[in-house]
Every structure is written in C-alpha cells, then in structure tokens.
Amino acid sequence: MITAVVANPNGEIFELEGYAASGMAGSSLALLTHKNTVNMPYGGELMFLPDRLPVLYNMDMNRFETLAENPYVPGEAIFPVAAFNSPGYVLSYVSAYEENNGAGFLPLFSYGAVGWHKGKFRSAVILVDSEKRQDLRLMRREKVVAGVRKMRKKMPSNRLRQHLEKCALTYGCPAGKNFFLKRYEAPLPTSQRCNARCLGCISFQKGDEIPNSQDRIAFTPSPEEIAEVALEHIRSVKKSVVSFGQGCEGDPLLAADVIEPAIRIIRGKTKNGTINMNTNGSRPDILEKLFDAGLDSMRISMNSVREKCYNAYFRPNGYHFSDVVKGIDMAIRRGKFVSVNYLNCPGFTDTPEEVSALLAFLREYPINMIQWRNLNFDPLRYWKVMNSVTEHGSPMSMKNALKQIHKAFPKLIYGYFNPPKERFQAVPEK
C-alpha cells in the first residue's frame, strides 16, 4: 500500500500517516499499491477538490473511511487530492471522494487517484504512448517566444498564426507550442460552430455551472491562411502532421467550405505531410469530399460505441449516431487511417457492458487505432448521467479492459497522438 495524501483549506498537500491511498471506479473502491501506480509523470499537476471529502483506507481498522477532518488535528478540514496527469497516460482509477451537499461541478479536468511513497507522488495510470510530442520539458517558453517572433515576420497578416500565438502563450496549448517549435503536429483550428453539445466541451459551455477552459476561435480563417500555416509546418518538419479539429473550435466538418479548398492548395504544392482531421464524424458526405481533396486520416471522438451512452454525452444536434458509424465505415472502405479518440472514465469505460460493446464494434469496424484519452469531466456527475440511460455491472479495471481488447485485436494500435502517414499500418484483420 502507499500513503494517502490530502489537502488543508490553504491547498497545502500532505501525507496522512496510518491511511493508505485509494481510488475509485464507479461505486468500486480500490487500494493504491506500488504495483498499480507509477511515479507521477513529469508535467502532471495536483489539485485539491473543494466541497468534497476524501475516502481513504484506515490501515489500523482495515476499512475504507470518509474523513471530514484531519484525525491528527481536530477541527481542521481536509480535502481530497487528485492528479491531472501528463498526455500519454490513461487513468486506471479516479480520486476517491464523496461530495458535500450543494457541491458544484468540478472544472473540466480528469481527476486521477494519487498517493505518496518513498518521497514521491504515485499516480494510478497506464502508459499508452511514450512519444514526447507534448513533453513540457521540450517546450521552453523562451524558445516558443522565439518561434512566435519568426512566424510573425514570415506571415505577418495571417490571422490563424495570430490565433495560435494565443493558444501557445496564453493557454499553454502543447499543439500550438509545437507549431512555433517546428515539431511533430501543428493545429489548424477553423470552425466556429459545432453540431454537438458535449457535456465536457472545453471551448463552449452554457450557463455558469461549468466554466469553459478556453475561448473558441472567433473567426473563420481563409483557405489561403490555413494553407500558409500548414505548408510552413510541413516544409519545416519531417514526418509532420497538421490537424483540423482542436479544443479551441467547434467541429471542422462545419467549416468544410474553407477546409476543402485549403487541402487542395496544400496538396497542389506538396505531397508531403499528413493532413488529419479530429472530428465527431457527423457528416460522412462531407468527409468523403475531404478525402477526395487529400485528407489522409481522421480521428473520431467517442465516449462509447453504445448509442444511448454516446447521445447522453455528445447530445447531437442535427445528426445521429448512425451517421458517425457510416462515416467510419466509409473511411475504412476507402483505406484511410481511422482512429477513435476514446474518452475514458474508470467506472464506466471498464464495465463489462462497455467493453463487450467495444469488442463487437471493432469486429464490425476494423479501425486502425484507439487513442485512449482521459475524459475531462466531473466523474461522479458523468457516472450519474451514464447510469441514467442504461445499467452497468462492476468494472473489471482499466488495465484488464485494455488487455482484453488488445488480446482480441493484437494489430489494433494503442496510443494518444495522431501518427504521421509514415507510420500508418494496414487496417487490422477482422
């Protein structure tokens, strides 16, 4: 077992002797051990959760307990601590806690279980992608600023370049930073509109219950502006990727009137580079036109392959789950590289019903890759929503879920980042 950590009202985090760290997945509680945790990856951040009580394991009493105050300092309130882990790691358990009456929504982060062992924090995560594409140690601000200055000189009137400056310098967006550092994948945010109303949308939230994490792009760049940014990255970076569909925009399929000609401009000048689209996949007719123009790959975001659960999170507005599936099927038949951006939350993603549905989906739709992404949403509220639309059994653990899927589909790529076409593989066999 590893030692529990909690926070006081000042946000100071400390270990609590005599109590072991715990995590939860749905209604299931689990002890955190050296075996099911790793040293907290570089770049992760610790958060304490207001209006909530930590659930810890009392080692003397051999039981889980919910603590309202510090057992060693009577009257001192304590709070649960969670880890927001670095890209490339998928949560195996979320921080174990209970809500106080009247607690509001947590901000749009993922809330991983964490503990303390031999002078280090330990996170309950599974490594799915070791690429250093978003390693903050390789993104020094002074180098990003230097890259920003160079791009200002190269494309002074390009509004998309200007928008990416804000992404990189104000929001700290790793994708935006990589453009100015001439590394890996560059973002091409374009769309102001979306036809989904995702519970965890980071760029648009109605009301004050959940603040959005960043502002959505406020203009539509021209095809020429898009192509200028994309070509600059493709010419500067080996095995480069440029991607439509970022956190600071709606869905790019709703901006196809500028994206399609932009792709044609790019492909008219070079065959190099991978043009990718991150999308909800709601318009297969538009996707087909973009493939004709030169789109190389697509990543479809899904929290579930079960229609009821998908609808409860994405809340489609003008499309149906069947449209998403149709688009995936069309792309597979055309031999395109297809990834699913699978939004994970322990306690739902690792239930028998969800795993069985995903296995059945993969048998019928042999996609190339699953990008295991942590769902940035209040986990207790998410479980409540998912359980309101269908029943779920006890979770099998994320580790077992990933193993079971990999055993059934050994050629299915596990990862986190969009790969360049130089790394594309054939569609897995059924």
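Structure first, text after, so check above.
For the structure given in this document, a descriptive report is provided here. (Residues numbered from 1 in each chain as written. Predicted model: local features only at pLDDT ≥ 70, side-chain atom pairs only at ≥ 80, totals over all residues. Heavy atoms only, no water.)

**Considerations on the sheet that holds strand β4 (residues 28-31)**
Consideration 1: Taken together, 3 strands build an open sheet; the order of strands is β4-β3-β11 and the sheet is antiparallel. The open sheet has two free edges, formed respectively by β4 and β11 (94-95), since each of these has just one partner strand. (Pairing = 2+ DSSP bridges. Helix = DSSP H or I, 4+ residues; strand = E, 2+ residues; numbered from the N terminus.)

**Looking at the packing of aromatic side chains**
Aromatic rings in a pair are described by how distant their centres are and how their planes are angled relative to each other.
Consideration 1: Enumeration over the complete set of coordinates arrives at 16 aromatic pairs.
Consideration 2: With a centroid separation of 5.1 Å and 75 degrees between ring planes, the pair formed by phenylalanine 84 and phenylalanine 109 is classed as edge-to-face. Remark: phenylalanine 109 occurs in the loop between β12 (97-99) and β13 (114-117) and phenylalanine 84 occurs in strand β9 (residues 79-84); sequence separation between them is 25 residues.
Consideration 3: For phenylalanine 109, a relative accessible area of 31% corresponds to the partly exposed category. (Phe/Tyr/Trp six-rings, centres within 6.5 Å; stacked < 30°, edge-to-face > 60°. Buried < 20%, exposed > 50% of the residue type's maximum accessible area, 1.4 Å probe, protein only.)

**Things to note about the nonpolar core**
Consideration 1: Ile328 and Trp372 are the most contacted members of the largest nonpolar core, which totals 106 residues.
Consideration 2: Per-element tally for this core: the top contributor is helix α8 (residues 321-333), with 7 residues.
Consideration 3: The contacts of tryptophan 372, once residues within four sequence positions are left out, are Val90, Val128, Tyr342, Asn344, Thr349, Leu358, Met398, Leu402, Ile405, Tyr414, Gly415 and Tyr416.
Consideration 4: Leu56, Leu67, Ile78 and Ala124 belong to the second-largest nonpolar core, a separate cluster that totals 16 residues. (Core = buried A, V, L, I, M, F, W, Y, C linked by side-chain atoms within 4.5 Å. Contact = heavy atoms within 4.5 Å.)

**Describing the pairing of β13**
Consideration 1: With 4 bridges joining them, β13 and strand β14 (residues 120-123) adopt antiparallel strand pairing. Paired with valine 114 across the strands is serine 123, a residue of β14.
Consideration 2: The hairpin turn running from β13 into β14, its antiparallel successor, is 2 residues long, and lysine 118 in that turn takes a positive phi close to 50 degrees.

**Some words on the pattern of salt bridges**
A side chain with one charge may pair with a side chain of the opposite charge, provided their charged atoms come close.
Consideration 1: By the definition in use, this model includes 21 salt bridges.
Consideration 2: For glutamate 65, the salt bridge identified is with arginine 63, shortest N-O distance 2.9 Å.
Consideration 3: The partly exposed category is assigned to arginine 63, whose relative accessible area is 44%.
Consideration 4: Glutamate 354 is paired through a salt bridge with arginine 306; the nearest N and O atoms lie 2.9 Å apart. Note that glutamate 354 is positioned in helix α9 (residues 352-364) and arginine 306 in the loop between β19 (297-302) and α7 (307-314), a separation of 48 residues in sequence.
Consideration 5: With a relative accessible area of 16%, arginine 306 lands in the buried category.
Consideration 6: Each of Arg52, Glu99, Asp378 and Arg381 takes part in salt bridges that share partners, so that together they form one network. (Salt bridge = Lys/Arg side-chain N within 4 Å of Asp/Glu carboxyl O.)

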